Every structure is written in C-alpha cells, then in structure tokens.
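Analysis of the macromolecular model
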Amino acid sequence: MKQILARPEFCVDCRLCQVHCQVEHSRSKDMVKAFKREATRPVARLRVEREGAESFAVSCRHCAEPVCVYSCLTGAMRKDPITGVVSVDSQKCAGCWTCLMVCPYSAVAQDKNQHRVVKCDLCPQLKTPACVANCPNKALILLEDKQS
C-alpha cells in the first residue's frame, strides 16, 4: 500500500505540490494551458495548511477503515482491496458532500464546476505522485508497504 507522508519540518509553504497536482489532473498536462487556457481550472487533490511558521500538505491517507467509503450514498467512493487506494468514481458521484463531511482529515475536496468530489488518487499513471516528485524540499515522501 502506498501513502504520502507530509513532513512539516521541511515544508516552506511554496504550494508547488498543489500546482503540480492540478497540472497532472488537467486535460492538457501542461502548466500554462492548465492555468490559462483550459475552460475550467483543475482542482488540486491536496491542500497546504499553515499555522504560524509551520505548514504542511494535507492529502488522503487511504485509511484502512475509510469512513468516506462507508458513508458514500451512491457507492462512488471505494477502496481497492489489492492496492488499498481509496478512489472516487466521478460518474457515480452525486455531489452530496457526505464523504467531505465525514473525512477526519478533511482530505476530500469539492470540484464545484463539476459538482462532485475529488481526492488524492496517488497519480496511478506515474511512478511517483506529482506532488511528491515536485516538492523541492522533500516535505512530501511516498511510503510503500511492500506487502500489498
């Protein structure tokens, strides 16, 4: 099972993790096009929190017991039994925001343009998630449990 670990001691609140997440989840996969030319700006699947001098990225923890999955009214949220990744089927999501309300980490985000939820999917098309790969200070690291 893969999981992203945030290390606040290295985070400088640059928010490049958010930017690269948005680009990776855009139609074009191009930074300029994603932010300037696409009809709707892509939504980041993580966010950076700041409290005083400390900051850190908040993303889905892909919980062992995901209350978001258990509370989803339409069955759009699911946990892959092999990889442990919690994902959203955007075709099934009704935008009721129940998963958003129950997530103990506030790691589910609203895509208000599409009226659905989005969350970290660990960038399955990449070896390393975009946020981790592009963090200049290594404030995000990818943990991999080799037993899954």
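Residues numbered from 1 in each chain as written. Predicted model: local features only at pLDDT ≥ 70, side-chain atom pairs only at ≥ 80, totals over all residues. Heavy atoms only, no water.

Digging into the packing of aromatic side chains
As enumerated under the stated definition, the model contains 0 aromatic pairs in all. Above the plane of the ring of Y105 lies R61, whose end atom (NZ or CZ) is 4.0 Å from the centre. (Phe/Tyr/Trp six-rings, centres within 6.5 Å; stacked < 30°, edge-to-face > 60°. Lys NZ or Arg CZ within 6 Å of the ring centre and 35° of its normal.)

Points about the pattern of salt bridges
For the structure on display, the rule yields 5 salt bridges. For D13, the salt bridge identified is with R50, shortest N-O distance 3.3 Å. With D13 in the loop between β1 (2-6) and α1 (16-24) and R50 in strand β2 (residues 47-51), this residue pair connects regions lying 37 residues apart in the sequence. Ionic pairing is found between R47 and E49, a salt bridge with its closest N-O pair at 2.6 Å. Taken together, the shared-partner salt bridges connect D13, R15 and R50 into one network. (Salt bridge = Lys/Arg side-chain N within 4 Å of Asp/Glu carboxyl O. Helix = DSSP H or I, 4+ residues; strand = E, 2+ residues; numbered from the N terminus.)

Re the layout of surface pockets
Roughly 370 Å³ of internal volume is contained in the largest pocket. Lining the largest pocket are 23 residues, with V85, D121, L122, C123 and P124 sitting closest to its centre. For the lining of the largest pocket, the class distribution of residues is 12 nonpolar, 4 polar and 7 charged. Here the lining of the largest pocket spans two domains, since at least three of its residues come from each of domain 1 (1-59 + 120-148) and domain 2 (65-119). (1 Å grid on protein atoms, 1.4 Å probe; cavity = no way out; pocket = protein on both sides within 12 Å on 5 of 7 lines; lining within 4 Å. Points joined across faces, edges and corners; volume = space filled by probe spheres on them. Nonpolar A, V, L, I, M, F, W, Y, C, P; charged D, E, K, R; others polar. Domains from an automatic or database assignment.)

Here we look at the nonpolar core
In summary, soluble globular proteins display a tendency toward joint burial of nonpolar side chains. By size, the foremost hydrophobic cluster in this structure holds 29 residues, and its most contacted members are I4, C17, L46, M77, V117, C131 and L140. Structurally, this core is a two-domain feature, drawing no fewer than three residues from each of domain 1 (1-59 + 120-148) and domain 2 (65-119). (Core = buried A, V, L, I, M, F, W, Y, C linked by side-chain atoms within 4.5 Å. Buried < 20%, exposed > 50% of the residue type's maximum accessible area, 1.4 Å probe, protein only.)

Considering a nonpolar patch on the surface
On the surface, a nonpolar cluster with roughly 400 Å² of combined accessible area is contributed by V67, Y70, M101 and V102. Breaking the nonpolar patch down by element, the ones donating at least two residues are α3 (67-71) and α4 (98-102). Structurally, the position occupied by Y70 is in helix α3. Here Y70 falls in the exposed class, since its relative accessible area comes to 53%. (Patch = residues over 30% accessible without salt bridge, like charges linked within 9 Å, V, L, I, M, F, W, Y side chains within 5 Å. Areas by Shrake-Rupley, 256 points an atom, 1.4 Å probe, with all protein chains shown as cover.)

Focus on the domain arrangement of the chain
You can read the domains of the chain as domain 1 (1-59 + 120-148) and domain 2 (65-119). If you average the C-alpha positions of domain 1 and of domain 2, the two centres end up 18 Å apart. With 13 residues of domain 1 in contact, the opposing surface of domain 2 contributes 15 residues. If you sort the residues of domain 1 by the area they bury against domain 2, V43, R45 and C120 come out on top, with a joint share of 39%. Run the count over domain 1 and domain 2 and you get 0 salt bridges. On inspection of domain 1 and its partner domain 2, the count reaches 2 residue pairs in polar contact (both at pLDDT 80 or more). By residue class, the composition of the side of domain 1 that touches domain 2 is 6 nonpolar, 3 polar and 4 charged. (Contact = heavy atoms within 4.5 Å. Buried area = accessible area lost by both parts, 1.4 Å probe. Polar contact = N/O pair within 3.5 Å; in protein donor to acceptor, adjacent residues only side chain to side chain.)

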